[in-house]
Amino acid sequence: LVGDIGDNATKRRHCTLYLVAEPAIDRNDLKRKVDVLRTLRFTYADGPHNCESLAVCPSTHAIFLVEKTLRPTCAVYSFPWPEDDTPQVARSVGKVLLPIATAMDISADGNRMLILSYAGAFEYARGLKKRGRPP
């Protein structure tokens, strides 16, 4: 899943996700084109947000996004994997205490989320409760 989700000016009306088949890596052909299997459009329920962090939960198939902000907390948004191409609405499902979220991933069992920021890596258990501190 590739996200066109950045919005430094926080003015975009909608964002787009592209589902592509993961290509085999060929070090001699790093500019290979991939076919888009599906295009998913969405908006945020409370208006535009800048975002770089995107992940799909393997156990629920929900899509999660974490806004990139200079504030000490970043909002977490989610929407279910869409059944069709109807534009979706990402709704706030919580906040995480870290600034400037830049990337994220969810464990294969869906029980842990790792969010990267300029301040380090932060791990959250299901329910988005923080575990541990950054180095």
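Computed from a predicted structure; not experimentally measured.

S.K.: Even after reading the chapter, I still don't get the sheet that holds strand 4 (residues 51-56), so can you show me in this structure?
M.R.: Paired through their backbone hydrogen bonds, the strands of a sheet run either parallel or antiparallel. Pairing within the open sheet is mixed, and its 7 strands lie in the order 1-2-3-7-6-5-4. Looking along the sheet, the strands with just one partner apiece sit at the ends: strand 1 (2-4) and strand 4. Averaged over all pairs of adjacent strands, the angle between their axes in this sheet comes to 30°, without regard to strand direction. In this structure, strand 5 (residues 63-67) lies alongside strand 6 (residues 74-79), joined through 4 bridges in antiparallel fashion. Of the residues in strand 6, the one forming a bridge with isoleucine 63 is phenylalanine 79.

S.K.: Would you mind going over the environment of leucine 65 with me for this structure?
M.R.: Within the secondary structure, leucine 65 sits in strand 5. In this structure leucine 65 comes out as buried when scored by relative accessible area, which is 0%. Apart from the residues lying within four places of it in its own chain, the contact partners of leucine 65 are Ile5, Phe42, Tyr44, Cys51, Ser53, Leu54, Ala75, Val76, Tyr77, Phe79, Ala90 and Met104.

S.K.: It is not clear to me how the pairing of strand 2 (residues 15-20) should be interpreted in this structure. Could you clarify?
M.R.: Within a regular strand, the side chains alternate between the two sheet faces. Pairing between strand 1 and strand 2: 3 bridges, direction antiparallel. Bridge pairing links valine 2 to tyrosine 18 in strand 2. In terms of strand pairing, strand 2 meets strand 3 (residues 36-44) through 6 bridges, oriented antiparallel. Its bridge partner being in strand 3, leucine 17 is matched across the sheet by leucine 40.

S.K.: Teacher, can you tell me more about the packing of aromatic side chains here?
M.R.: For any pair of aromatic rings, the description consists of the separation of the ring centres together with the inter-plane angle of the planes. Under the definition given, this model contains 3 aromatic pairs. Ring centres of tyrosine 44 and tyrosine 77 lie 4.9 Å apart, and the angle between their planes is 75°; on these two criteria the pair is classed as edge-to-face. Pair noted here: tyrosine 44 is in strand 3 and tyrosine 77 is in strand 6, with a separation of 33 residues, a long-range link. Since its relative accessible area comes to 8%, tyrosine 44 is described here as buried.

S.K.: Help me understand the environment of arginine 38, please; the structure alone is not making it clear to me.
M.R.: Relative to the assigned elements, arginine 38 resides in strand 3. A C-alpha to C-alpha distance of 19 Å links arginine 38 and glycine 6, two positions 32 residues apart in sequence. With near-sequence residues (within four places) excluded, arginine 38 lies in contact with Leu17, Tyr18, Leu19, Trp81, Pro82, Glu83, Asp84 and Asp85. At 2.8 Å, the side chain of arginine 38 and the backbone oxygen of proline 82 are in polar contact.

What counts and what doesn't
- Residues numbered from 1 in each chain as written.
- Predicted model: local features only at pLDDT ≥ 70, side-chain atom pairs only at ≥ 80, totals over all residues.
- Heavy atoms only, no water.
- Pairing = 2+ DSSP bridges.
- Helix = DSSP H or I, 4+ residues; strand = E, 2+ residues; numbered from the N terminus.
- Axes fitted to C-alpha atoms, helices over the stretch in contact; angles between N-to-C directions.
- Buried < 20%, exposed > 50% of the residue type's maximum accessible area, 1.4 Å probe, protein only.
- Contact = heavy atoms within 4.5 Å.
- Phe/Tyr/Trp six-rings, centres within 6.5 Å; stacked < 30°, edge-to-face > 60°.
- Polar contact = N/O pair within 3.5 Å; in protein donor to acceptor, adjacent residues only side chain to side chain.

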